[in-house]
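Structural features, examined
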Amino acid sequence: MNMRLSQLMRGFVCLGAVTMLVACSPAPEDELQQWMAQQKSAAQPKIKPISEPKVFKPERYTMVTEVEPFSNLKLTQALKKDSSQSASNGALIAPELARRKEPLEEFPVDTMAMVGSMVKAGKPIALVMVGKLLYQVRTGDRMGLNYGLVTKISESEISLREIVQDAAGEWIERTASLQLQERSK
């Protein structure tokens, strides 16, 4: 038991010595504060001087004899031109918006495939596949998302007239076609 007591005493002495050493060393926060102060004093800001302003040199207005760009006459002409274009564009799209949509107008033309054609009662009919469904298309039917009207059907092609917006936002007519697709084996 004496031996055990002496080992326990040695352990307490060692623990006390370690505690004294740790208490005497500087705290990590103090070291961090010293390092930050050194870095702050060593850092010198690098400020680039502002360049001198450019001298303004006025120019004479030489277009005095030309039509003034902000004249009421020029503005009135531009407004008349815009209103006449809007009216013609409205006349192009208005009937399309007023009518009931047909089933093939729910799909883009590029997702459709013409897989055949036939003549029934002397009139050409195209066979169009969308997904796994087969549709009969006649001249005058509607198809595609761009108000497409079938204008002509041949053995190898369906011709469409579409109404789309151009880059300026104006409604225009354009032609499109759907070619016969050969089935791969």
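Residues numbered from 1 in each chain as written. Predicted model: local features only at pLDDT ≥ 70, side-chain atom pairs only at ≥ 80, totals over all residues. Heavy atoms only, no water.

1. What about the sheet that holds strand β3 (residues 133-138)?
- Spatial ordering of the open sheet is given by β1-β2-β3, a layout of three strands whose pairing is antiparallel. Each of the sheet's edge strands pairs with one partner strand only, and the pair in question is β1 (112-120) and β3. Adjacent strand axes in the sheet meet at a mean angle of 25° when their direction is disregarded.
- Bridge count between strand β2 (residues 123-130) and β3: six bridges; the pairing is antiparallel. In the strand pairing of β3, Val128 is matched with Tyr135. (Pairing = 2+ DSSP bridges. Helix = DSSP H or I, 4+ residues; strand = E, 2+ residues; numbered from the N terminus. Axes fitted to C-alpha atoms, helices over the stretch in contact; angles between N-to-C directions.)

2. Considerations on the sheet that holds strand β7 (residues 171-179)
- Sheet architecture is open: four strands sit in the order β4-β5-β6-β7, paired in antiparallel fashion. Across the chains shown, the open sheet's two edge strands, defined by having one partner strand only, are β4 (142-143) and β7.
- Bridge analysis of strand β6 (residues 157-165) against β7 gives nine bridges, and the strand direction is antiparallel. Bridge pairing in β7 links Val164 to Ile172.

3. Side note on the packing of aromatic side chains
- Across all of its chains, the model carries one aromatic pair by this definition.
- When the centroid spacing of 6.3 Å and the interplanar angle of 70° are considered together, the rings of Tyr147 and Trp171 count as edge-to-face. Separated by 24 residues along the polypeptide, Tyr147 in the loop between β4 and β5 (148-153) and Trp171 in strand β7 bring together distant segments of the chain.
- Residue class for Trp171 comes out partly exposed when judged on its relative accessible area of 23%. (Phe/Tyr/Trp six-rings, centres within 6.5 Å; stacked < 30°, edge-to-face > 60°. Buried < 20%, exposed > 50% of the residue type's maximum accessible area, 1.4 Å probe, protein only.)

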